[in-house]
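Take a look at the letters that make up each chain.
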Amino acid sequence: MAKINTQYSHPSQDQLAVRIMDRDLDHVENGISRTLSLGEETLSELQQGIVMETRRLAKSQRSSFSSQRSARVSRLIVSLRAWAARHLHHEDQRPDSFLDHFQGAELKEVSSRDSTAQSNLGSQEPPSREKSDKARKEEQEEKENQRKEHCPKREQKKEAVVVDPSSNLYYHWLTIIALPVFYNWGMLVCRACFDELQSEHLMMWLVLDYSADVLYGLDVLVRARTGFLEQGLMVKDAERLWKHYTKTIHFKLDVLSLVPTDLAYLRLGMNYPELRFNRLLKFARLFEFFDRTETRTNYPNVFRIGNLVLYILIIIHWNACIYFAISKFIGFGTDSWVYPNISNPEYGRLSRKYIYSLYWSTLTLTTIGETPAPVKDEEYLFVVIDFLVGVLIFATIVGNVGSMISNMNASRAEFQAKIDSIKQYMQFRKVTKDLETRVIRWFDYLWANRKTVDEKEVLKNLPDKLKAEIAINVHLDTLKKVRIFQDCEAGLLVELVLKLRPAVFSPGDYICKKGDIGREMYIIKEGKLAVVADDGVTQFVVLSDGSYFGEISILNIKGSKSGNRRTANIRSIGYSDLFCLSKDDLMEALTEYPEAKKALEEKGRQILMKDNLIDEDLAKAGSDPKDIEEKVEYLESSLDTLQTRFARLLAEYNATQMKVKQRLSQLESQVKTCGRSFQSDGEAPGDATKTEDKQQ
């Protein structure tokens with residue numbers, strides 16, 4: 001009976017577990033359907049899959065629950081995980097036009113890897129579901145490709161071509177556009193006044209005119225794409241460049257200069273070139289070309305003189321054409337002032353007409369010759385205007401040419417003033433003729449080789465960064481030739497380059513003598529130096545360009561047998577151009593580079609050991625008392641400067657304190673006077689009431 005009871009009780013427990021499991025699966029199914037009702041097709045497929053899975057699990061549980069319970073639960077979990085992964089993958093793959101701008105090739109590779117990994121997670125799904133997902137992905141890819149084909153790619157938007165106004169390309173374009181502007185200013189008025197010039201070469205003028213118009217139109221495009229600086233950066237946006245250009249006066253002048261006024265040729269005829277006078281409004285381009293050329297040329301004074309002469313010639317040319325036009329209006333040969341009668345073959349030629357008018361214009365504007373007196377009122381008026389313009393031209397010529405000549409000779413005059421002052425000093429001090437001759441020859445050498453320029457004075461207006469770049473460009477290669485500086489830091493080399501000073505020595509001058517204290521090192525830029533004996537005649541070695549000496553003495557290395565003394569006599573054979581680096585400048589630069597200082601001292605020590613010029617016992621000993629003395633002297637000098645500064649600050653403090661005290665006393669007196677006036681105003685009505693009480 002016990003066995004029978006146990007047999008009947010076991011299936012009842014299984015049935016109870018199956019019912020409980022079915023109920024739980026139904027709850028899971030219903031819960032998922034309620035929570036994921038927003039998923040449309042994907043969620044419906046999930047619900048169907050879960051229903052099928054639960055029914056299959058229920059049937060299998062009824063048949064063999066005890067052996068497959070864990071397998072069913074694991075399948076359900078795997079299906080849920082696969083659906084969640086696929087759902088999240090679809091959410092991630094949703095196209096985002098904003099993020100596409102920032103997604104590069106690396107991000108796309110990462111996303112593709114993530115997608116493959118997620119597809120691997122969902123590899124346990126049924127094959128039908130995988131096929132549907134693949135079909136859906138292919139449809140999305142096709143739609144995305146169609147969208148990309150029909151819509152322009154914003155990220156591949158081409159940058160607008162912008163012309164930098166400081167570039168060579170812009171200057172070359174100014175050179176090109178200046179030619180048609182100058183052509184119009186020179187030939188239009190001449191063609192309008194001299195009919196033969198227009199009619200005899202009509203085809204040539206038409207070709208030149210419309211070629212100039214084409215260049216004018218291209219110049220409008222160039223101006224529309226010419227960049228400008230905003231907060232130190234070049235603006236390259238085409239829309240902003242166009243708006244900036246349209247707001248300037250140049251845009252209005254350019255548009256007016258391109259108005260097709262020559263269409264009136266169709267009605268009036270081809271012999272009216274004055275219809276194209278609006279092309280003269282492009283004059284700003286010509287002036288801009290002149291300004292740019294003046295800043296670029298190496299001979300600015302010569303260019304200024306040539307530019308001034310060109311302006312004068314243009315004015316004389318226009319005045320000559322206007323004179324001929326007035327003569328034509330009044331009548332040729334009607335009086336003595338106008339142009340003679342053109343019926344005379346001598347005055348009927350085109351060349352004679354222009355040269356005669358140019359001669360008359362030159363005499364009138366320069367006021368240096370006599371011209372026929374005017375007869376009619378309009379002739380008088382024109383001559384008066386010409387005389388006024390001539391006076392201005394004469395004053396301009398005298399003023400500009402005088403200033404240009406003085407500027408051209410400014411350096412020579414300054415240099416000559418230095419020579420004169422030194423000559424006067426030598427005469428006053430009765431210097432020997434031999435020494436005076438050497439001094440004058442030294443000055444002559446400086447002027448002949450253009451070495452009179454003071455570099456610090458010339459470069460003082462530049463910022464420190466540009467000064468450093470110029471010094472690096474000029475002196476860095478020379479400094480790198482020195483052995484001890486070959487492997488130094490770039491920053492230290494820049495500091496040293498800025499401290500190099502040029503020095504010029506005459507023939508026979510001693511750069512250094514044996515036993516002198518070495519306070520600077522020298523690098524030969526140009527010339528020849530000789531290492532001579534004590535007699536000054538015997539030469540041991542000749543040093544030429546690129547050589548250097550004195551680098552060990554300025555380092556003041558411990559244990560050096562020579563100390564900081566010179567060990568040889570060095571004399572200049574001819575005129576020598578050297579660079580000098582002082583010990584104080586080197587030590588000042590090395591204070592910011594302690595590691596470089598140690599490296600330089602080590603290199604100098606190795607050089608001394610190689611030449612057997614170092615005492616190792618002294619090198620291993622403690623600090624040199626001379627160094628301590630120098631440090632103490634430096635501290636004393638620093639203390640003196642600090643004391644003077646402190647005394648100055650204390651005096652300023654006392655002065656400001658006295659001013660504050662005086663101000664406070666003035667304010668106290670003002671407050672007291674104001675208080676007394678208020679008290680007097682307050683007591684007045686009280687006294688009046690007291691008097692009234694007494695009367696009552």
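Residues numbered from 1 in each chain as written. Predicted model: local features only at pLDDT ≥ 70, side-chain atom pairs only at ≥ 80, totals over all residues. Heavy atoms only, no water.

Caption draft 1: Here's a closer look at the overall build of the chain. Scanning the chain for helices and strands turns up 25 helices and 10 strands. Out of the 696 residues belonging to the chain, those deemed buried represent 30%. Sequence-distant contacts in the chain: of pairs separated by 6 or more residues, those separated by 24 or more amount to 70%. When the accessible surface of the chain is split by element, carbon and sulfur atoms take 58% of a total near 46,300 Å². (Helix = DSSP H or I, 4+ residues; strand = E, 2+ residues; numbered from the N terminus. Buried < 20%, exposed > 50% of the residue type's maximum accessible area, 1.4 Å probe, protein only. Contact = heavy atoms within 4.5 Å. Areas by Shrake-Rupley, 256 points an atom, 1.4 Å probe, with all protein chains shown as cover.)

Caption draft 2: Expanded view of the packing of helix H9 (residues 238-246) against helix H10 (residues 249-257). Two elements in contact, H9 and H10, have axes separated by 6 Å at closest approach and are oriented at 80 degrees. As summarised for this structure, H9 and H10 are arranged roughly perpendicular, according to the angle between their axes. Contacts from Trp242, Tyr245 and Thr246 in H9 reach His250, Phe251, Lys252 and Asp254 in H10. (Axes fitted to C-alpha atoms, helices over the stretch in contact; angles between N-to-C directions. Parallel < 35°, antiparallel > 145°, perpendicular 65-115°, else oblique.)

Caption draft 3: Region of interest: unusual backbone geometry. Of note, the phi angle at Gln231 is positive, near 60 degrees, even though the residue is not glycine. As for its position among the elements, Gln231 is in the loop between strand S1 (229-230) and strand S2 (233-234). Relative accessible area serves as the criterion here: at 81%, Gln231 is assigned to the exposed category.

Caption draft 4: Representation of the sheet that holds strand S7 (residues 539-543) in the model. Reading across from one edge, S4-S9-S6-S7 is the order of the 4 strands in this open sheet, with antiparallel pairing throughout. What marks the edges here is a single partner per strand, and that holds for strand S4 (510-512) and S7. Averaged over all adjacent pairs, the angle separating strand axes in this sheet is 30 degrees, with direction ignored. Where strand S6 (residues 529-532) lies against S7, 4 bridges are found, and the strand directions are antiparallel. By the bridge assignment for S7, Val532 is matched with Gln539. (Pairing = 2+ DSSP bridges.)

Caption draft 5: Local environment of the pattern of salt bridges. Taken as a whole and assessed by the stated rule, the structure comprises 24 salt bridges. Salt-bridge contacts for Asp209 lead to Arg191; the nearest nitrogen and oxygen are separated by 2.9 Å. A residue pair is termed long-range when its members are at least 10 positions apart, and Asp209 in helix H8 (residues 202-224) and Arg191 in helix H6 (residues 168-193) qualify at 18 residues. This pair shows no difference in class: Asp209 is buried, exactly as Arg191 is. Across the pair Glu294 and Arg304 runs a salt bridge, and its minimum N-O distance is 2.5 Å. On the criterion of sequence distance, the pair formed by Glu294 in helix H12 (residues 283-296) and Arg304 in helix H13 (residues 300-330) is long-range, its members being 10 residues apart. A relative accessible area of 29% places Arg304 in the partly exposed class. Residues joined in a network through salt bridges with shared partners are Asp219, Arg223, Asp254, Lys282, Arg285, Glu288 and Arg292. (Salt bridge = Lys/Arg side-chain N within 4 Å of Asp/Glu carboxyl O.)

Caption draft 6: Local environment of the packing of aromatic side chains. The full count for this structure, using the stated rule, is 31 aromatic pairs. On the basis of an interplanar angle of 80 degrees and a centroid distance of 5.7 Å, the ring pair of Trp242 and Phe251 is categorised as edge-to-face. Given the relative accessible area of 41%, Trp242 is considered partly exposed. Each ring, one from Tyr323 and one from Trp337, has its centre 5.2 Å from the other, and the planes form 80 degrees; the classification is edge-to-face. With a gap of 14 residues between them, Tyr323 in helix H13 and Trp337 in the loop between H13 and helix H14 (345-348) connect regions that are remote in the sequence. Judged by its relative accessible area of 0%, Tyr323 falls in the buried class. Aromatic rings pair up to connect Tyr171, Phe283, Phe287, Phe289, Phe290, Phe303 and Tyr311 into one cluster. Against the face of Tyr347 rests Arg352, its NZ or CZ located 5.8 Å from the ring centre. Positioned above the aromatic ring of Trp447, the side-chain terminus of Arg412 is 4.6 Å from the ring centre. (Phe/Tyr/Trp six-rings, centres within 6.5 Å; stacked < 30°, edge-to-face > 60°. Lys NZ or Arg CZ within 6 Å of the ring centre and 35° of its normal.)

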